[in-house]
Amino acid sequence: EAALTARFAIVGSGPAGCYLADALARAMNGAVIDVFERLDEPFGLVRFGVAPDHEATRAIARVLRRPFDRGAASLHLGVEVGRDIGLNALRRNYDAVALATGAPLDRRLDVPGEELAEPSGRFIRWINGHPEAVPPARLTGARRAVVIGAGNVALDAVRLLAKHREIDCLNPLALERIDLLIRAGPEDVRFSPAELLEIGELTTAWPDLDIFGDATGEAAAVLADFAARTPGRGIPIRFHFRTQATAFLGAGRLEAVGTDRSVLPADLAVTCIGYEKAAIDGVWPTGPEPEPGLYAVGWAARGPTGTIPTNRAEARALAQRMIAGLEP
Ligand SMILES: Cc1cc2nc3c(=O)[nH]c(=O)nc-3n(C[C@H](O)[C@H](O)[C@H](O)COP(=O)(O)OP(=O)(O)OC[C@H]3O[C@@H](n4cnc5c(N)ncnc54)[C@H](O)[C@@H]3O)c2cc1C
């Protein structure tokens, strides 16, 4: 009978928290499942991270809401654990607690002048209308943008900048050139081929890169195809491989990005170099079970890697572990 009334608390309503609520509800009929979310809107990065032109991915919100719609779990919006309710209080009131709080902090490059650049989390939260969004320092008339990173968030930033005329908040830009700084070589990029292909399909911009050696892999094959093309129309997106940003230059506002090869004039720079977790009431989430009876899932558990489906598989496995860990 105890098992039938098990009580679970989940902190965070991103994909990991929602998939976990769904998996617990399906595995344990009648369990009490409460999901606490600090914002007034649910679904984490599906709402405030995924690019606005990736409608199909954003539509995953319809799947994430199912456990709440069918009454199998309760969603408590505007409740920040660690501020409005303590983690220890949750642990006393529930049989098991899972942290699904993501990795909300922007990683820093740690180079001089970094305050003149836009970190990607902040930039994309602003584009997506996050309630705590901070607008970039300079947009109106900005002609040159530099994006730094070798993963899909960098490609999101490049693509959205290239389409700035179609995106209300980016419309004041007047971009003529985008430079993409990639520390790795073409063989080591973490771009997914599908996101790269979208760059090749832009009508407002074209990928500008040189022919390179004999890199293998799907992403490198797309890059090699780009390199073989003739110059396109619109904004050139210049790929700089094996190039590191070393400084953001300017007096009060960005004027250039220094690299280990050259200095690139820039009115806007976006750093897309990853995210970090935050502690909650002094506990650093790390998964899957940071402390007995306290669990973690999604980016809070494994760090900021993997796609939305990765969180679903992980949530299902964690639900089994949480149920197995219930006291008899
Ligand atoms: C810019 C960007 C674009 C992306 N695009 C894609 C894509 O196109 N396709 C894809 O598959 N993946 C994409 N991803 C990855 C995907 O978003 C992540 O895999 C996924 O969101 C991680 O889920 P999560 O639940 O662990 O974290 P999150 O989605 O970050 O959710 C964490 C939730 O916890 C809440 N929270 C945090 N702290 C507290 C607290 N103390 N109390 C209460 N609530 C709290 C947050 O407000 C948030 O709602 C993208 C990621 C980024 C950053």
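Residues numbered from 1 in each chain as written. Predicted model: local features only at pLDDT ≥ 70, side-chain atom pairs only at ≥ 80, totals over all residues. Heavy atoms only, no water.

### Quick look at the site of the ligand
Defined as follows: A cutoff of 4 Å decides nearness: a residue is near a molecule or strand if any of its heavy atoms lies inside that distance of it. Pairing of N or O atoms within 3.5 Å defines a polar contact, subject to two protein rules: one partner must be a possible hydrogen donor and the other a possible acceptor, and residues neighboring in sequence count only if both atoms are side-chain atoms. Where accessible areas are quoted, they stem from the Shrake-Rupley method and a 1.4 Å probe; at the residue level, only the protein chains shown are allowed to cover. Per the convention used, a helix needs a DSSP run of H or I reaching at least four residues, while a strand needs a run of E reaching at least two, with both numbered from the N terminus.
Close to the ligand lie 33 residues; E37, L45, V81, W299 and I308 are nearest. Taking E37, its side chain carries an N or O atom lying 2.6 Å from an oxygen atom of the ligand. About the coverage of the ligand: the protein hides 90% of its 1000 Å² of free accessible area. Secondary-structure elements contributing two or more residues to the shell around the ligand are α1 (15–27), β2 (32–37), α2 (44–48), α8 (152–162) and α12 (308–324).

### Brief notes about the packing of aromatic side chains
Defined as follows: Only centres within 6.5 Å qualify two rings of Phe, Tyr or Trp (six-membered ring in Trp) as a pair; their planes then separate them into stacked at under 30 degrees, edge-to-face at over 60, and tilted for everything else. Only protein chains enter the calculation, and the probe is 1.4 Å; a residue is then buried if its accessible area is under 20% of its type maximum, exposed if over 50%, and partly exposed in between.
If you walk through the whole model with that rule in mind, you get 5 aromatic pairs. Taking the centre distance of 6.3 Å and the plane angle of 85° together, the rings of F36 and Y94 count as edge-to-face. Placement of the pair is F36 in strand β2 and Y94 in the loop between α6 (87–93) and β4 (96–99), with a sequence separation of 58 residues. Assigned by exposure class, F36 and Y94 land together as buried.

### Here we look at the domain arrangement of the protein
This is how it is decided: Start and end points for every domain follow an automatic or database-based domain assignment. Contact criterion: two residues are considered in contact whenever any of their non-hydrogen atoms come within 4.5 Å of each other. The quantity reported as buried area is the accessible area (1.4 Å probe) lost by two parts once they are put together, taken as the sum for both. Criterion for a salt bridge: a side-chain nitrogen of Lys or Arg within 4 Å of a carboxyl oxygen of Asp or Glu.
As far as domains go, the protein holds domain 1 (3–104 + 277–324) and domain 2 (106–271). Just the C-alpha atoms count here: the centres of domain 1 and domain 2 sit 32 Å apart. Each partner contributes residues to the interface: domain 1 has 12 residues there, and domain 2 has 15 residues. Buried surface at the junction of domain 1 and domain 2, both sides included, amounts to about 1000 Å², of which 46% is carbon and sulfur. Interface area lost by domain 1 to domain 2 is led by F48, D53 and H54, which between them contribute 45%. Linking domain 1 with domain 2 are 3 salt bridges, by the criterion used here. One salt bridge connects R159 with D53, and the closest N-O pair in it is separated by 2.8 Å. Inspection of the domain 1/domain 2 interface yields 10 residue pairs in polar contact (both at pLDDT 80 or more).

### Brief notes about helix α7 (residues 120–127)
Of all 8 residues in α7, 6 are buried; the element is thus mostly enclosed. Next to the buried residues of α7 lie α2, β5 (105–106), β6 (118–119), α8, β14 (268–271) and β15 (275–276).

### Comments concerning the pairing of strand β1 (residues 7–11)
Stated formally: Here a strand pair is declared whenever DSSP counts at least two bridges between the two strands. Seen with the strands pointing away from the viewer, any crossover whose path from the first strand over the helix to the second strand runs clockwise is right-handed.
For β1, the buried fraction is high: 4 of the 5 residues fall into the buried class. Both β1 and β2 contribute to a ladder of 5 bridges, which runs parallel. By the bridge assignment, F8 is partnered in β2 with I33. Handedness of the crossover joining β1 and β2 through α1 is recorded here as right-handed. Two strands pair when backbone bridges link them, and β1 and β4 are joined in this way by 4 bridges, in the parallel orientation. Paired with A9 across the strands is V97, a residue of β4.

### Points about the sheet that holds strand β13 (residues 263–265)
Two pairing modes exist for strands in a sheet, parallel and antiparallel, and in both the strands are linked by backbone hydrogen bonds. Spelled out, the test is: For every element, the axis is a line fit to its C-alpha atoms; helices are fit only across the contacting stretch, and the angle between N-to-C directions ranges from 0 to 180 degrees.
Taken together, 3 strands build an open sheet; the order of strands is β11-β12-β13 and the sheet is antiparallel. Only two strands of the sheet have a single neighbouring strand rather than two, namely β11 (245–249) and β13. On average, adjacent strands in this sheet sit at an angle of 20° to one another, irrespective of strand direction. Pairing geometry for β11 and strand β12 (residues 256–259), over 4 bridges, is antiparallel.

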